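# Coordinates in review
One-letter residues, chain by chain:
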Amino acid sequence: MGGTESSISEPGSSSSNRESETSRQNLSECKVWRNPLNLFRGAEYRRYTWVTGKEPLTYYDMNLSAQDHQTFFTCDTDFLRPSDTVMQKAWRERNPPARIKAAYQALELNNDCATAYVLLAEEEATTIVDAERLFKQALKAGETIYRRSQQCQHQSPQHEAQLRRDTNVLVYIKRRLAMCARKLGRIREAVKIMRDLMKEFPPLTMLNIHENLLESLLELQAYADVQAVLAKYDDISLPKSAAICYTAALLKTRTVSDKFSPETASRRGLSTAEINAVEAIHRAVEFNPHVPKYLLEMKSLILPPEHILKRGDSEAIAYAFFHLQHWKRIEGALNLLQCTWEGTFRMIPYPLEKGHLFYPYPSCTETADRELLPTFHHVSVYPKKELPFFIHFTAGLCSSTAMIALLTHQFPEIMGVFAKAVSMISRTCVEYL
């Protein structure tokens, strides 16, 4: 559930086209991650479709989710329980009504089938309240199965596999219950569930539950707690994300943004705190350069996908969708971001094969984002570094001079007549003036 390494397009027949082979190789290096703040299909994505008539999820994105569900909610011993056998088929089913029908069939076989309640909460529930009710039923069933698996885990490798699967199901249910509480305004309850999850299941850090916790703490304006979480996860040995980098920038911006003025800063220079804030913004923008346009509302937001590509447009949408309100809440934060974010690109070496604080920006990101994001969205691309005007002017002047010299060498008589004509026209214009 943490990440899926996959080629964005299915490999076809062998081709002699070297460009397509290079493109396929680049795409295989793109790692797609599960969006830690992904929405509910029934209560949110489907309601959007009802209102707009547009599909917010792509087939590729939903196919990745189906693979995640099969990895997360199934194991090799499912055939021992008839309800799990039905759910194994349900997770592979592409048609939503067929998946929901299979979930009800599993509940008829076993009223305590936790994964059946999970599927119904995700896809059939049309409100967050309904989804929470179903997840609570799933929690009751999941805890019972989890305790039973704990008692039998050492009997055989099959029982160990069952325990891993039942652990995954229980963690997933508790996390979604925390997200339901967050969406329904019970933020302190959501924070408690997330903290308990992180203490009880520390090996499952790849689920990025800390990003859910960061967002909830920002909503509570508990900035000291946010800083404590960042101190643990904003480490050089851990993978970065837009949530980590931009939240760190937001905390440093918060200390100076209310008094920041571009005019005053240009006269007296930046203070130490302002320099730290600007450097944090530059660090965040280098990691994901697409986020500022969404935070500054220069581009319109869409519903975030279920999977994101780190440093890509999909991650920027997922971050801004939930964190824009936190930047707006801090006075002057967006103003400081607007004044400083473009300066990042002057610090990054050119060409882009070299990075500054992070690895070079991946070349495959744009293509991967086009697979993850719906067609009605205009995918943001990496800002190209523009050359100064004098370089363009010098290049044009040298090219023109070389062309005139070549023509003069090949056609001296014609160019002589042309030069006399130009000289006479120029003299006439000067005399007229």
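Described below are features of the structure shown in this document. No experiment lies behind these values; they were computed from the predicted model shown.

Each value, and the rule that gives it
Residues numbered from 1 in each chain as written. Predicted model: local features only at pLDDT ≥ 70, side-chain atom pairs only at ≥ 80, totals over all residues. Heavy atoms only, no water. Axes fitted to C-alpha atoms, helices over the stretch in contact; angles between N-to-C directions. Helix = DSSP H or I, 4+ residues; strand = E, 2+ residues; numbered from the N terminus. Parallel < 35°, antiparallel > 145°, perpendicular 65-115°, else oblique. Left-handed = near helix turned anticlockwise from the far one by under 90°. Contact = heavy atoms within 4.5 Å. Nonpolar A, V, L, I, M, F, W, Y, C, P; charged D, E, K, R; others polar. Salt bridge = Lys/Arg side-chain N within 4 Å of Asp/Glu carboxyl O. Buried < 20%, exposed > 50% of the residue type's maximum accessible area, 1.4 Å probe, protein only. Core = buried A, V, L, I, M, F, W, Y, C linked by side-chain atoms within 4.5 Å.

### Overview of the packing of helix α10 (residues 209-219) against helix α11 (residues 223-233)
- Look at α10 against α11: their axes get within 8 Å of each other, and the N-to-C directions meet at 160°. One element, α10, and the other, α11, form an angle in the roughly antiparallel class. Seen from above, α10 lies across α11 with left-handed handedness. Taking contact as the criterion, the partners of H210, L213, L214, L217 and L218 in α10 are, on α11, Y223, D225, V226, V229, L230 and Y233.
- The residue inventory of the contact of α10 with α11, partitioned by class, reads nine nonpolar, one polar and one charged.

### Points about the pattern of salt bridges
- Within this structure, the stated rule accounts for 20 salt bridges.
- As a salt-bridge pair, E123 and R41 come within 3.7 Å of each other at their nearest N and O atoms. Linking E123 in helix α6 (residues 114-123) with R41 in helix α2 (residues 41-52), this pair joins segments that are 82 residues apart in sequence. One exposure class covers both E123 and R41, and it is buried.
- Its salt-bridge partner being R99, residue E123 comes within 2.8 Å of it at the nearest N-O pair. Remark: R99 occurs in helix α5 (residues 96-109) and E123 occurs in helix α6; sequence separation between them is 24 residues. For the pair E123 and R99, one class covers both residues: buried.
- Bridged by salt links that share partners, the residues R41, R99, E123 and E306 form one connected network.

### With respect to α10
- Counting buried positions along α10 gives ten out of eleven residues, so the element sits mostly inside the fold.
- If you follow the buried residues of α10, they end up packed against α8 (157-183), α9 (187-200), α11, α12 (242-254) and α16 (313-329).
- Q221 sits one or two positions beyond α10 and adopts a positive phi of about 60°.

### What about the nonpolar core?
- Counting 96 residues, the largest nonpolar core has M87, F135, I173, Y246, L295 and W327 as its most contacted members.
- If one sorts the elements of this core by residue count, α8 sits on top with ten residues.
- The contact partners of M87, leaving out residues within four places of it in the chain, are A102, A103, A106, C113, T115, A116 and L119.
- Ranked by size, the runner-up nonpolar core spans eight residues in total, among them C30, Y60, C364 and A368.

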